[in-house]
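# Analysis of the macromolecular model
These are the residues of each chain, in order.
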Amino acid sequence: MRALDGHIQMNGQETPPPVTFEGRMSDDTKDAFAALFDEAFMQMMVDCQQLAGDTCDVTGLAESMIQVGNTLKNSFEACPMGCTHPPANCKDFWMAFESNPVALRNKCALTNNWPGVCTVFLRELQVRVADDTWELPVMCRLIDPGLNLERMPRCKVLAQMTAVNRLTLHDGGCAFSTRDECISNLCDVYSQFTWRMQPRNLIPERFKMPFDDSYVIQGCEGLVPLDMYNRRDECPKRLDILGFCDCLCPAMPDVVMLGVTDCPTIVDEYLMFGRLGVSNMTFDSLCETELCDAFNTQRLKPACRDTKLPGTMECIGMQIPKVMPEMSPCPWRNHSGEENIMECLNGHRCDIVKEGWYCCERHRGRAKCPLELPVMCDTLCSGITEYCCRTEGECTPRACPVILQRDLVYKQDTTTSTTTTPEGRDGNLGDQGLVLRLPQGSWAWLLVLVPLTGGLVLCCYVRRRNHKVDMEQENGDVSMGLQLDTFGFFHAYKAENRAREETRPRICIVMSELPDTRPLGLELVELRVVRVHPWGKKHGWQVGDIIVDIAGQKVTTFEELWERIQMERNRPPVRFTVERWNIATTAEEERAADLRDENVALQRKKRQLEEDREQRSKSRVASKTMMASTEPSGPRTLGPNALPGMAHGWDDEYEEDDDFSYYSDDDSRLQTFQSTSSFPTGNFKSRFTTAFQVLVKEDPKEKTPEKPDSEKPEPVFPQDLERRTFHKDKVVFTRDVWGRSVVKVMNPTKRSPD
């Protein structure tokens, strides 16, 4: 290769001058570069080498990066923990990956041999060197942090790099064939992380550093008390690691990416390191649903019994994305330390006496209970974060998932004990089976106890059976039935008491129209009628009716009823089906039923005739009594304008005559009168003739011989009364002051005297 004008330094010394330059890069160099980075970045380097000028030794730059990178990579893989690494290797790394590429660019740019593709290659190289997930630069920042520790990474960077470069929960840590391999791998991850978070463990003692052996990178101070490196032998007993391998690993494939959010990596980093207190390593709220769903799917499985995973709502109530790294995700395991003081999830403390128990609702919920009620129960008092506070023993304490706890919990060893039984008291399971040994004389007791026990059982059975029959008689009628047996005879048996289904009778109500206001004329409670207005009463509604359907459409709620009424309003008439208890027949229904029965109709007519006759008899008795009390002593003379009805006793003959008391349509008097008078027609039945002759009542017991014409009294009315007619005068019937029926002539015609 042709030597570069700007010498490349390695291990603090200048490289030997001139090397020959080949125009084409070898395949071995390409493969090694792709193994150190990836295929895409290798192709960018090849494009830069082909387009750069002869003075730009891009191939030499790539070979130096491969050499330095493989040296560091092999060193870290050979001894991931428990050993040191010389800082000179990291100095060569910074020279090969930071200084030399910039120097080569400046030299080639002077001769216009640095194309744009090389600029893109250089920028991508700088991005990769600054990547917090690439192990080589992160480890060199720990080993060679600079004089002022300007390169020293934070604890969060070390945790992210460890999760990406080691097999953890999301990238193969759960894919081991055995459970022990999974547990051993996770224990090695924690031990390696703990070893590397103290940079002095990575640097040989002969090199002086501006920090001592107890120095811990910033953000990892909370993990020092856990001492995970020195307790490597106890790691397989940690409940969180057992929970990872036994319980959570089967659910990790269900955690997927949400758009550009890498939820599998975020969940992995938080459960492995963030929940232990790594500074600034919080959980992304976009992945909260994925984590809670994974907990919920595994919580009830037998392998997760000791893990105490929360359900979906309880997990959301824990508000994991808002838990600060320096705070425990389960603060409720301790009380607030003060009486009547409750601590909230955001750190706010409130007085429950002054502010009430709901004082933490606006501060993300309850975190710690007051001192006098130190136990937070696993039952909610309100919402999803307001868990109840009680004293010891009053409730089940709220559990904390072990895979979310900051403190490491180790599984306790269980002890077993063996017991022995005295010889001769155990069951001898030999070739003869189980041998029972009874004391001497026990057979006599068996002869007494067996019959006595059988008698007691029989008595209990009979008593229970009788009691059952009595209960059946109290609860309902016990019916007997007959059943045909196999020999052709009937035998009685007790029939089953089947519960009768109470069916309410249903009737139909048809409404001609549904007005805009009070369309039914009812007041309802849901579908039951509680008050009936005149419009509803007109159509037959009653209190207690329950509406079942409208126009054949079933309704079950008031909303469905009102919606159906609005639909049927424009399609009258509307038919309603209702359930009604104790239906009483209406007068119309009774008349309709009587019309169908001929005997009932005949009896009803006879009853009406009897009632009419009785009423007329009472009227005659009352009329005679009144007339007797007001009858004058002598005959009464009538004036010239007097009417026949004013004579006493003018109607007695017809009142006593049964033939004329019914006023039938075939009455000849009615026909004669209608032909010669202008009386009203129709259903009116007259008992008068056109002559209006006054008839004197004759006593049948005292019949006197007829007197000659000379001795006859002069008639009250003129002799030519028969020639007179009154058909031109309007005549109406009315009653006088005594309540009697009289005829009144309206506007009588004036007659000239004869």
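Calculation rules
Residues numbered from 1 in each chain as written. Predicted model: local features only at pLDDT ≥ 70, side-chain atom pairs only at ≥ 80, totals over all residues. Heavy atoms only, no water. Axes fitted to C-alpha atoms, helices over the stretch in contact; angles between N-to-C directions. Helix = DSSP H or I, 4+ residues; strand = E, 2+ residues; numbered from the N terminus. Left-handed = near helix turned anticlockwise from the far one by under 90°. Contact = heavy atoms within 4.5 Å. Pairing = 2+ DSSP bridges. Phe/Tyr/Trp six-rings, centres within 6.5 Å; stacked < 30°, edge-to-face > 60°. Buried < 20%, exposed > 50% of the residue type's maximum accessible area, 1.4 Å probe, protein only. Core = buried A, V, L, I, M, F, W, Y, C linked by side-chain atoms within 4.5 Å. Expected span 1.5 Å × (residues − 1). Patch = residues over 30% accessible without salt bridge, like charges linked within 9 Å, V, L, I, M, F, W, Y side chains within 5 Å. Areas by Shrake-Rupley, 256 points an atom, 1.4 Å probe, with all protein chains shown as cover. Salt bridge = Lys/Arg side-chain N within 4 Å of Asp/Glu carboxyl O. Lys, Arg positive; Asp, Glu negative; His and termini not counted. Charge placed at Lys NZ, Arg CZ, Asp CG, Glu CD. Parallel < 35°, antiparallel > 145°, perpendicular 65-115°, else oblique. Nonpolar A, V, L, I, M, F, W, Y, C, P; charged D, E, K, R; others polar. 1 Å grid on protein atoms, 1.4 Å probe; cavity = no way out; pocket = protein on both sides within 12 Å on 5 of 7 lines; lining within 4 Å. Points joined across faces, edges and corners; volume = space filled by probe spheres on them. Disulfide = S-S within 2.5 Å.

With their axes 10 Å apart at the nearest point, helix α6 (residues 135–143) and helix α7 (residues 155–165) run at an angle of 145° to one another. In terms of crossing hand, the pair formed by α6 and α7 is left-handed. The segment α6 lies against α7, with E135, V138, M139 and L142 engaging V157, L158, M161 and N165.

Our next topic: the pairing of strand β13 (residues 522–525). For a regular strand, side chains alternate in direction, first toward one face of the sheet and then toward the other. Where β13 lies against strand β14 (residues 528–532), four bridges are found, and the strand directions are antiparallel. From the neighbouring strand, L524 faces β14, where its bridge partner is V529.

This paragraph deals with the packing of aromatic side chains. For any pair of aromatic rings, the description rests on two quantities: the centre-to-centre distance and the angle between the ring planes. Under the criterion given, the structure shown has 16 aromatic pairs. Taking the centre distance of 6.1 Å and the plane angle of 65° together, the rings of F93 and W134 count as edge-to-face. Note that F93 is positioned in helix α4 (residues 87–110) and W134 in the loop between α5 (116–129) and α6, a separation of 41 residues in sequence. Take F93 and W134: they sit in the same class, and that class is buried. Judged by centre distance (5.0 Å) and plane angle (20°), the rings of F211 and Y215 are stacked. F211 gets classed as buried once you look at its relative accessible area, which sits at 10%. Feature note: the residues F33, F37, F41, F93, W94, F97, F121 and W134 constitute an aromatic cluster, connected by ring pairs.

Another aspect to go through is the nonpolar core. Of all hydrophobic cores here, the largest spans 111 residues; its most connected members are F33, F97 and F273. Those residues within four positions of F33 in sequence are excluded, and the remaining contacts are D38, F41, M42, M45, A62, M65, I66 and F121. Membership of the second largest hydrophobic core comes to 17 residues, among which are L520, L527, I547 and V555.

Look at helix α3 (residues 58–78): 30 Å from first C-alpha to last across 21 residues, which is about the 30 Å you get at 1.5 Å a residue. What α3 keeps buried is the set V58, T59, G60, L61, A62, S64, M65, I66, V68, G69, L72 and F76.

What follows deals with the sheet that holds strand β3 (residues 341–344). Reading across the sheet, the three strands line up as β4-β3-β5 and stay open at both edges, with antiparallel pairing between neighbours. Each edge of the open sheet carries a strand with a single partner, namely β4 (349–351) and β5 (366–368). Each strand of the sheet is rotated relative to its neighbour by a mean of 50°, with strand direction disregarded. Direction of pairing for β3 relative to β4: antiparallel, over a ladder of three bridges. Within the sheet, the bridge partner assigned to E343 lies in β4 and is R349.

Further remarks concern a negative patch on the surface. Together, D27, D28, D31 and E39 give the surface a local cluster of negative charge. Position of D28 relative to the elements: it lies in helix α1 (residues 27–36).

Across all of its chains, the model carries 23 salt bridges by this definition. Residue D144 pairs with K91 through a salt bridge whose shortest N-O separation is 3.7 Å. Within this pair, whereas D144 is found in the loop between α6 and α7, its partner K91 is found in helix α4, the two being separated by 53 residues in sequence. Residue classification places D144 among the buried residues on the basis of a relative accessible area of 10%. For R275, the salt bridge is made with D240, and the minimal N-O distance between the two is 2.7 Å. Of this pair, R275 sits in the loop between α10 (263–272) and α11 (288–298) while D240 sits in helix α9 (residues 239–248); the two residues are 35 residues apart in sequence, bridging distant segments of the chain. Each of the two residues, R275 as well as D240, counts as buried. Each of E338, E343, R349 and K368 takes part in salt bridges that share partners, so that together they form one network.

Let us look at the environment of P137. Relative to the elements of secondary structure, P137 occurs in helix α6. The class for P137 is buried, based on a relative accessible area of 1%. Considered as a pair, P137 and W94 are 43 residues apart in the sequence and their alpha carbons are 8.4 Å apart. Every residue in contact with P137, bar those within four places of it in the chain, is listed here: F93, W94, R128, V129 and D131.

At a minimum axis distance of 10 Å, the contact between α3 and α6 shows a crossing angle of 75°. Considering the angle they form, α3 stands roughly perpendicular to α6. Between α3 and α6, the contacting residues are G69, L72, K73 and F76 on the first element and E135, L136, M139, C140 and I143 on the second. For the contact of α3 with α6, the class distribution of residues is six nonpolar, one polar and two charged.

Here we come to empty space enclosed by the protein. All chains considered together, the criterion is met by three cavities of 30 Å³ or more. Volume-wise, the largest cavity comes out at about 60 Å³. Taken together, K322, V323, M324, M327, S328, P329, P331, L345 and R364 form the lining of the largest cavity. Here the lining of the largest cavity is composed, by residue class, of six nonpolar, one polar and two charged.

As enumerated under the stated definition, the model contains 16 disulfides in all. Here C48 pairs with C118 through a disulfide, and the sulfurs are 1.9 Å apart. Between C48 and C118 the disulfide shows an S-S torsion of about 110°. By sign, it is right-handed. Remark: C118 occurs in helix α5 and C48 occurs in helix α2 (residues 39–51); sequence separation between them is 70 residues. Each member of the pair, C48 as well as C118, carries the same accessibility label: buried. One disulfide bridge connects C247 with C304, the sulfur atoms lying 1.8 Å from each other. Looking along the S-S bond of the C247-C304 disulfide, the torsion reads about 105°, which is the right-handed sense. Taken together, the positions of C247 in helix α9 and C304 in the loop between α11 and α12 (312–318) put the pair 57 residues apart, joining distant regions of the chain. The class of C247 is buried, set by a relative accessible area of 0%. By relative accessible area, which is 2% here, C304 ends up buried. Note on C459: no disulfide assigned, nearest cysteine sulfur contributed by C460 at a separation of 6.9 Å.

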